[in-house]
Structure formats: structure tokens, C-alpha cells
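This is what each chain is made of:
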Amino acid sequence: MNKLHEIFSVPLYETNFPVSRTDLDFVKSQEYERYAYSYMSEGNVLAHDEMKKVRDFITTQVEYYFYNICGMDYDVKPELTSSWANIHIKNDWTMRHSHPNAIISGVWYLSTSDDTGSLLVHRENGLFGNQIDFNRRENNYLNSEPLYFRPEVGTIYLFPSTLKHSVDANLDSNERISVAFNYMMRGVVNSYNVKMKL
């Protein structure tokens, strides 16, 4: 019997946390600095008391992702290490990047529309390497580069911090507002008789 084994997949987890007017107003009230193609807030926005419900929910989802989806042991626990808000006005976008000094990263969307753009995830290498870009008869999860995910208000995506991702241009006159975040795992890893404290 023929069987396809999809090996070494990258888990991108999607969940949702409803956006309240209070949450949106608090995120918008942060101090922002203009970077190349977006506005970014200063400080660790999810660390504020006003964001406790959101932070607790995201941390619970990070635990579920790490322990249940990825199947990792309970000898380490996630710790929020950084978070920041992003505001994209019309034509703003985010270049391809990953998140260093973290294990699990993610983003929570507070304001979106049909034209505010998608989250794009990129693979390091094409299906058959990077030497030849074959024409595709059809696009699927095996051959596509990049993959597009269209967030709605409240959508949260979690992924390994090494995953290359970008955000395409906001074509709407309304702002696209999101909060990005990074988690490190804390505890002692004992692997192959080598102990390491994180």
C-alpha cells in the first residue's frame, strides 16, 4: 500500500483571544517609534498589569503548544521575555525575519480587515533545494513558498522562533495593529547526560 509521510513539519498554531475596547485602547496608548516600514512600541507591552488576562491566556497557549502539540517534557516552563506592539498604516509591511534569543514566538492581532495583509511564513529551502525553481501545477503545503495566513481580529499565531516570517503590505486606510511576543523556556534540560540550566 502506498503511503505519504510528511516529515519534519513546522507547527504553526492558531487560536483566538477576543479583543476588548480596553485592550485596544491600551495598546494604542503606548509610545511608538517609527522604523523602516512600521511603528513599534517601546518596552514589554504584555508585562503591564492591564494586559494580565491576555498575557495569562497566551502563556497557557504557549504551554499547550510546547507540551501537547510539540510533545516536550514538563522539566522546563515558558517565560515571557519580550513583547511589543506594531502599528502598520497604509502600505506598511514587515520584512522577512526570525526572532533570536527565544524558543517560541507569536503575534496577536487587535485590528485587521480584508485588505490589511497576511502573515507569510517562509521555508529555509525549497522542496528540492534552492537550485531550481520548478513550475507548479498546483500549490500545496509541500511546494509553496511562502504560505499565507490571513488573520482576523483576535487571531493568535504561535510558532518556533526560528521560523522565518514576514507581513505583507497593509493596503487599507485602517491601521493593522498587532502585539508580537517571545518566550524562553526556564528550567534544567538533561539531554544525553548533559545538564543545562536555562
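Just so it is clear, the structure is predicted and the values come from calculations on it, not from any experiment.

K.L.:
Sorry if this is basic, but what is going on with the pairing of strand 4 (residues 76–88) here?
P.N.:
In summary, the side chains of a regular strand alternate between the two faces of the sheet. For strand 3 (residues 39–41) and strand 4, the ladder comprises two bridges, and the chain directions are antiparallel. Across the sheet, the residue bridging to Tyr39 is Ile87, located in strand 4.

K.L.:
I would appreciate a short explanation of the pattern of salt bridges in the present structure.
P.N.:
If the charged atoms of two oppositely charged side chains come close together, the side chains can form a pair. Scanning the model with the defined rule gives six salt bridges in all. Among the ionic pairs, Asp92 bridges to Arg34, the shortest N-O distance being 2.8 Å. Taken together, the residues Asp92 in the loop between strand 4 and strand 5 (94–97) and Arg34 in strand 2 (residues 32–34) connect sequence positions 58 residues apart. Judged by relative accessible area, Asp92 falls into the buried class, the value being 4%. Taking the shortest distance from any N to any O, the salt bridge between Lys52 and Asp56 comes out at 2.5 Å. With Lys52 and Asp56 both in helix 2 (residues 52–69) and four residues apart, the pair spans about one turn of that helix. Lys52 gets classed as partly exposed once you look at its relative accessible area, which sits at 44%. Classification of Asp56 as partly exposed rests on a relative accessible area of 35%.

K.L.:
What exactly am I supposed to notice about unusual backbone geometry here?
P.N.:
With the exception of glycine, most residues fall at negative phi, and the peptide bonds are largely trans. Looking along the chain, the bond that leaves Glu145 and enters Pro146 is cis, with omega of -5°. Structurally, Pro146 is set in the loop between strand 7 (119–122) and strand 8 (147–149). Backbone geometry at Phe8 places phi at a positive 55°, although glycine is not the residue there. When you line up the elements, Phe8 lands in the segment before strand 1 (13–16).

K.L.:
Is there a simple way to explain the packing of aromatic side chains in this structure?
P.N.:
Aromatic ring pairs: the centre-centre distance and the angle between the two ring planes describe each pair. In the structure shown here, the tally under the stated rule is 11 aromatic pairs. Ring geometry for Tyr109 and Tyr157: centres 6.2 Å apart, planes at 80°, overall edge-to-face. In this pair, Tyr109 sits in strand 6 (residues 104–111) while Tyr157 sits in strand 9 (residues 155–160), placing the two residues 48 residues apart along the sequence. Per residue, the accessibility class of Tyr109 equals that of Tyr157, and both read buried. Seen in terms of ring centroids, Phe181 and Tyr183 are 6.1 Å apart; in terms of plane orientation they differ by 90°. Their pairing is edge-to-face. One exposure class covers both Phe181 and Tyr183, and it is buried. Taken together, the aromatic side chains of Tyr13, Tyr64 and Tyr65 make up a single cluster linked through ring pairs. For Arg34, the ring lying beneath its charged end belongs to Tyr39, and the centroid distance is 4.6 Å.

K.L.:
It is not clear to me how a nonpolar patch on the surface should be interpreted in this structure. Could you clarify?
P.N.:
A contiguous nonpolar patch, built from Leu4, Leu127, Phe128, Ile132, Phe134 and Leu142 and spanning about 660 Å² of accessible area, is present on the exposed surface. You can see Leu4 is positioned in the segment before strand 1. Note on Leu4: relative accessible area 61%, which makes it exposed.

K.L.:
Help me understand the environment of Tyr13 in this model?
P.N.:
By secondary structure assignment, the location of Tyr13 is in strand 1. Relative accessible area serves as the criterion here: at 17%, Tyr13 is assigned to the buried category. As for Tyr13 and Trp93, which are separated by 80 residues in sequence, their C-alpha atoms are 22 Å apart. Non-local contacts of Tyr13, meaning those with residues more than four positions away in its chain, are made with Gln61, Tyr64, Tyr65, Ile69, Ile156, Tyr157 and Leu158. One polar contact links Tyr13 to Gln61, side chain to side chain, over a distance of 2.7 Å.

Rules behind the numbers
Residues numbered from 1 in each chain as written. Predicted model: local features only at pLDDT ≥ 70, side-chain atom pairs only at ≥ 80, totals over all residues. Heavy atoms only, no water. Pairing = 2+ DSSP bridges. Helix = DSSP H or I, 4+ residues; strand = E, 2+ residues; numbered from the N terminus. Salt bridge = Lys/Arg side-chain N within 4 Å of Asp/Glu carboxyl O. Buried < 20%, exposed > 50% of the residue type's maximum accessible area, 1.4 Å probe, protein only. Phe/Tyr/Trp six-rings, centres within 6.5 Å; stacked < 30°, edge-to-face > 60°. Lys NZ or Arg CZ within 6 Å of the ring centre and 35° of its normal. Patch = residues over 30% accessible without salt bridge, like charges linked within 9 Å, V, L, I, M, F, W, Y side chains within 5 Å. Areas by Shrake-Rupley, 256 points an atom, 1.4 Å probe, with all protein chains shown as cover. Contact = heavy atoms within 4.5 Å. Polar contact = N/O pair within 3.5 Å; in protein donor to acceptor, adjacent residues only side chain to side chain.

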